[in-house]
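Residues per chain are reported as follows:
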Amino acid sequence: MKFPASRPFVAVVLAALTGAAGLVSAPALAAPCSGVTFGAGFAGSYTCETLGSVDGVAPSYGGLTFLNNSTLLIGGAANGAGGTINAVGVVRGAGNHITGFAGSATLYATAPYIDGGLSFGPGGVLFFTGYSNNTLGQIKPGSTSPDKTVSLNPALSSVGSIVFVPSGFAGAGGTKLLSYSNGNWANATLTSDGSGTYDVESSVVATLAGGPEGAVYVDGDNAGFSGLDSLLVSSYGAGAISAYQIDANGDPIVGTLSTFLSGLTGAEGAVIDPVTGDFLFSTFGGSNQVIVVSGFEAPPPAIPEPTSLALLGIGLLGLGLRHGFIPGRRRRT
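Residues numbered from 1 in each chain as written. Predicted model: local features only at pLDDT ≥ 70, side-chain atom pairs only at ≥ 80, totals over all residues. Heavy atoms only, no water.

Tallying secondary structure elements over the protein chain gives two helices and 24 strands in all. In the protein chain, which comprises 333 residues, the proportion classed as buried is 52%. Taking all contacts inside the protein chain whose residues are at least 6 apart in sequence as the whole, residues at least 24 apart take part in 51%. Taken as a whole, the protein chain presents about 13500 Å² of accessible surface, with 56% of it coming from carbon and sulfur. (Helix = DSSP H or I, 4+ residues; strand = E, 2+ residues; numbered from the N terminus. Buried < 20%, exposed > 50% of the residue type's maximum accessible area, 1.4 Å probe, protein only. Contact = heavy atoms within 4.5 Å. Areas by Shrake-Rupley, 256 points an atom, 1.4 Å probe, with all protein chains shown as cover.)

Sheet strands pair by backbone hydrogen bonding; their relative direction is either parallel or antiparallel. Read across the sheet, five strands follow the order β4-β21-β20-β19-β18 without closing on themselves; strand pairing throughout is antiparallel. The two strands at the open ends of the sheet, each matched to only one other strand, are β4 (37-38) and β18 (212-218). In the sheet, β18 pairs with strand β19 (residues 230-235) via five bridges, with the strands oriented antiparallel. What sits directly across from V216, in β19, is L232. (Pairing = 2+ DSSP bridges.)

Now for the pattern of salt bridges. Using the criterion set out here, one finds four salt bridges in the structure. For R92, the salt bridge goes to D273, with nearest N and O atoms at 2.9 Å. Placement of R92 in strand β8 (residues 84-92) and of D273 in the loop between β22 (271-272) and β23 (279-282) is noted, with a sequence separation of 181 residues between them. Residue classification places D273 among the buried positions, given a relative accessible area of 0%. Residues D193 and K148 are paired through a salt bridge, measuring 2.9 Å at the closest nitrogen-oxygen approach. Of this pair, D193 sits in the loop between β16 (184-192) and β17 (198-207) while K148 sits in strand β13 (residues 148-151); the two residues are 45 residues apart in sequence, bridging distant segments of the chain. The exposure class of D193 is partly exposed, given its relative accessible area of 28%. (Salt bridge = Lys/Arg side-chain N within 4 Å of Asp/Glu carboxyl O.)

Spatially, four strands are ordered β10-β11-β12-β13 in an open sheet, and the strand pairing comes out antiparallel. A single partner strand is all that each edge strand has here, and the edge strands are β10 (114-120) and β13. Put simply, the sheet's adjacent strands are angled 20° from each other on average, direction ignored. Relative to strand β11 (residues 126-130), β10 runs antiparallel, the two being bridged by four bridges. (Axes fitted to C-alpha atoms, helices over the stretch in contact; angles between N-to-C directions.)

This part is about the nonpolar core. Counting residues in hydrophobic clusters, the biggest one holds 22 residues, and the most contacted among them are L232, F260 and F279. Counting only elements with at least two residues in this core, the list comes to β18, β20 (240-245), β21 (258-262), β23 and β24 (290-294). If sequence neighbours within four positions are ignored, F260 has contacts with T37, F38, G39, F42, Y46, F225, L232, I241, S242, A243, V293 and F296. The next biggest cluster of nonpolar side chains, apart from the first, holds 18 residues, and it includes L64, V88, V90 and V292. (Core = buried A, V, L, I, M, F, W, Y, C linked by side-chain atoms within 4.5 Å.)

Under the criterion given, the structure shown has 16 aromatic pairs. Their ring planes at 80° and their centres at 5.5 Å tell us that Y131 and Y180 sit as a pair that is edge-to-face. You can see Y131 sitting in the loop between β11 and β12 (135-139) and its partner Y180 sitting in the loop between β15 (175-179) and β16, a full 49 residues away along the chain. Neither residue differs from the other here; Y131 and Y180 are each classed as buried. On the numbers, 5.6 Å between centres and 55° between planes, the contact of F169 with Y217 is tilted. Of this pair, F169 sits in the loop between β14 (159-164) and β15 while Y217 sits in strand β18, placing them 48 residues apart in sequence. Y217 carries the same exposure label as F169, and that label is buried. An aromatic cluster is built from F38, F42, Y46, F225, F260 and F296, whose rings are joined through pairwise contacts. (Phe/Tyr/Trp six-rings, centres within 6.5 Å; stacked < 30°, edge-to-face > 60°.)

So, on to unusual backbone geometry. When glycine is set aside, most residues are seen to have a negative phi, and most peptide bonds are trans. Cis rather than trans, the peptide bond between P59 and S60 has omega equal to 5°. The topology assignment puts S60 in the loop between β5 (47-52) and β6 (64-68). With an omega of 10°, the peptide bond between Y131 and S132 qualifies as cis. Examined against the element boundaries, S132 turns out to sit in the loop between β11 and β12. Of note, N96 is a non-glycine position whose phi angle comes to about 70°, a positive value.

Turning next to the environment of L107. Assignment of secondary structure puts L107 in strand β9 (residues 98-110). Separated by 34 residues in sequence, L107 and L73 place their C-alpha atoms 9.5 Å apart.

Another aspect to go through is the pairing of β24. Counting buried residues along β24, five of its five residues qualify, which places the element largely inside the surrounding structure. Side chains V290, V292 and S294 project from β24 onto one buried face, and the interleaved I291 and V293 project onto a second face that is buried too. As paired elements, β5 and β24 share five bridges and run antiparallel to each other. Across the sheet, residue G52 finds its bridge partner in β24, namely V290. In terms of strand pairing, β23 meets β24 through four bridges, oriented antiparallel. Each residue of the ladder has a partner; that of S282, found in β24, is V290.

Structure representation (structure tokens):
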């Protein structure tokens, strides 16, 4: 079982703005991370800031993903029967980088035992991993609780995260499952069950060190990656963000492990900001906060959402977005 580190008292000072609508609390601004170190090859190219805790989200934090460019979804009360997914607006500053959160989070859906995995997949279904019961929850568009929960391959021991390979990367469209308990990385197959949710089969293909949780794919053109597409993995047990090059199937090449960022407590979820390309991750413990790393290349211009495409009559493209769409994915030629 994972246990959060002791939570030190963190003073958060909120500025007050007076306007025509009355007294409004301003969101706290991002602050530099303390006690962290970028690995060799990455130092000097990236910066780390904490956005602090999210008002209205119960500790400990689970996975996170973007609902849209303005709204973040984040797991709360992680690893327990009362786990939730919460929605909160983000505040953007210079260069559209996220500097804080807009007010308190609201309940988006219940998510029992949510862990480090939270991601939209085929059919617009929101998938979340369950620890320590080794499950995958599925929430259909418009639902506020799981529509289906499946038990996963026992070889995963207990799943930590789920990640879908974005377009433009080797293995695009594939589904990957990560085990926190034994580090196993598995390829998964999702099969429609005819009701808008999916049956799941998986097979282990690699084993990662450090208690892996959330993971994201990063373009090899980013500084320090030597032109080789890679994964960043929230290594909870190692207190680090680990980097791995990927193979032709989008799986990590274990022997290429390097440290991207160390000195962390409870690295948990992981997501790419669809606007700036920044890397965000949550912490389970470690004062339960959201941390943002800047310095990555910005994604290409956003493609219209499926509803807009339907209005434009671009049916085939809408179908492509419907299957395997991941907010913030990179599109390259």
